[in-house]
Amino acid sequence: MHVSEMVKHLQPAFTEVLETMFFTSILEAAVSGGVPAGAPTISSRLTFHGAPSGVFEIGMSQDGARALAAAFLGEDERDLPYEKTGEVVCELANMLCGSFLSRIGNRSTFELSHPEVVEASAEVGEACACFELPEGPLSVSVRFEGQV
Amino acid sequence: MAFNVLIVDDSPAMRSFIRRVLDLSGFDVGTYAEASNGEEALEVLRSQWLDVVLTDINMPKMDGEQFLRCLEADDVLRAIPVLVVSTDRTETRVTQMLSMGARGYVKKPFAAATLRDELERVLGVADARV
């Protein structure tokens, strides 16, 4: 599957995760080759190994992440510490990546690394998108390694 | 009858989410135990009896696959039903884990009712709700 075909699977993968477990939805989607304006202030990155392999990273504003985390955990966002928000953003990255890979893979299994909160990467992946949620923009960048 | 549940996942957020959805779904939970990888989970299981295990696959130290192999190799622990909860929804992985001894498989993302229904099926109870 060519990268341009893979990008089409990002939105349905994201929609499924966000609606099922974060009780939110995508208002608007923009597929772009670059990082959107308004740099995200919390990012999570993980690596994936299988067919294909690469790096998966998401980013969003800290306020938006806190709102999503509160919805996920069923807690008041005013009391939510940054550490817990980070844990939820990492789990979001894990599920989004898994959902995406399950749609583009050739029925082969994959391994995901433990996601981590990181500084937003300046490097742009081959598959990028930005989704507008009620909580703010959620950006994604997928960089493939080796032959796709 | 209340069930004692072990949740094995390297994500503290996911462990909290699972507890929350099980409570909200009305599933009759006695106590929760938690572990962040297969190795910790084995220690928990050797120190207290639990009725069912929910486990992720991708975890550091000891992943879900290796954890399942250890359970199956233990004459006592193999009796505890295991439900896999994972982002990997490929047919290959589902088949693999079920053939290794898992009694059920729930794909992330999941709705609360899906998790509850699969737990009830694995435990062989028609309605384990409070």
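The structure displayed is predicted, hence computed values, not measured ones.

*Asks:* What is the right way to read the overall build of chain B from this model?
*Replies:* Of regular secondary structure, chain B possesses 5 helices and 5 strands. Each helix and strand of chain B, placed in order from N terminus to C terminus, yields the pattern β-α-β-α-β-α-β-α-β-α. Relative to a compact globule of 130 residues, whose C-alpha radius of gyration would be 14 Å, chain B shows 13 Å and is just as compact. Referenced to the eigenvectors of the C-alpha coordinate spread, the extents of chain B come out at roughly 35 × 35 × 25 Å. Out of the 130 residues in chain B, the part that is buried amounts to 57%. Taking as baseline every contact in chain B between residues at least 6 positions apart, the subset at least 24 positions apart corresponds to 66%. For chain B, the centre of its 15 positive side-chain charges and the centre of its 21 negative side-chain charges are spaced 3 Å apart.

*Asks:* I keep staring at the sheet that holds strand β2 (residues 29-35) of chain B and nothing clicks. Help me out?
*Replies:* Within a sheet, each strand pairs with its neighbour through backbone hydrogen bonds, oriented either parallel or antiparallel. Residues and elements named next belong to chain B. With respect to topology, 5 strands assemble into an open sheet ordered β2-β1-β3-β4-β5, the strand pairing being parallel. Only two strands of the sheet have a single partner each, and these edge strands are β2 and β5 (104-107). Across the sheet, the axes of successive neighbouring strands diverge by a mean angle of 20°, strand direction being ignored. With 5 bridges joining them, strand β1 (residues 3-8) and β2 adopt parallel strand pairing. Residue pairing in the sheet places Val5 in a bridge with Tyr32 of β2. On top of the sheet, helix α2 (residues 38-47) reaches β1, β2 and β3 (52-55); it is set at about 155° to β1, its chief contact. Contacting β4 (82-86) and β5, helix α4 (residues 91-99) runs over the sheet at an angle of about 150° to β5.

*Asks:* Any chance you could explain the packing of aromatic side chains here in plain terms?
*Replies:* In this description, an aromatic ring pair is defined by two values, namely the gap between the centres and the angle between the planes. Scanning the entire structure with this criterion turns up 6 aromatic pairs over all chains. Where A:Phe22 meets A:Phe72, the ring centres are 4.7 Å apart and the plane angle is 15°; that geometry is what we call stacked. Of the two residues, A:Phe22 sits in the loop between α2 (10-21) and β1 (28-30) while A:Phe72 sits in helix α3 (residues 62-73), which places them 50 residues apart along the sequence. Take A:Phe22 and A:Phe72: they sit in the same class, and that class is buried. On the basis of an interplanar angle of 25° and a centroid distance of 5.8 Å, the ring pair of B:Phe3 and B:Phe27 is categorised as stacked.

*Asks:* Teacher, can you tell me more about unusual backbone geometry here?
*Replies:* Most peptide bonds are trans, and most residues other than glycine sit at a negative phi. Cis geometry is adopted by the peptide bond preceding B:Pro109, which originates at B:Lys108 and carries an omega value of 0°. Looking at the element boundaries, B:Pro109 is found in the loop between β5 and α5 (112-123). Located in the positive-phi region is A:Phe23, a residue other than glycine, with phi close to 55°. Structurally, the position occupied by A:Phe23 is in the loop between α2 and β1. Backbone geometry at B:Lys61 places phi at a positive 70°, although glycine is not the residue there. Checked against the element boundaries, B:Lys61 lands in the loop between β3 and α3 (64-73).

Conventions adopted
Residues numbered from 1 in each chain as written. Chains lettered and ligands numbered in written order. Predicted model: local features only at pLDDT ≥ 70, side-chain atom pairs only at ≥ 80, totals over all residues. Heavy atoms only, no water. Helix = DSSP H or I, 4+ residues; strand = E, 2+ residues; numbered from the N terminus. Rg over C-alpha atoms; globule rule 2.2 N^0.38 Å. Buried < 20%, exposed > 50% of the residue type's maximum accessible area, 1.4 Å probe, protein only. Contact = heavy atoms within 4.5 Å. Lys, Arg positive; Asp, Glu negative; His and termini not counted. Charge placed at Lys NZ, Arg CZ, Asp CG, Glu CD. Pairing = 2+ DSSP bridges. Axes fitted to C-alpha atoms, helices over the stretch in contact; angles between N-to-C directions. Phe/Tyr/Trp six-rings, centres within 6.5 Å; stacked < 30°, edge-to-face > 60°.

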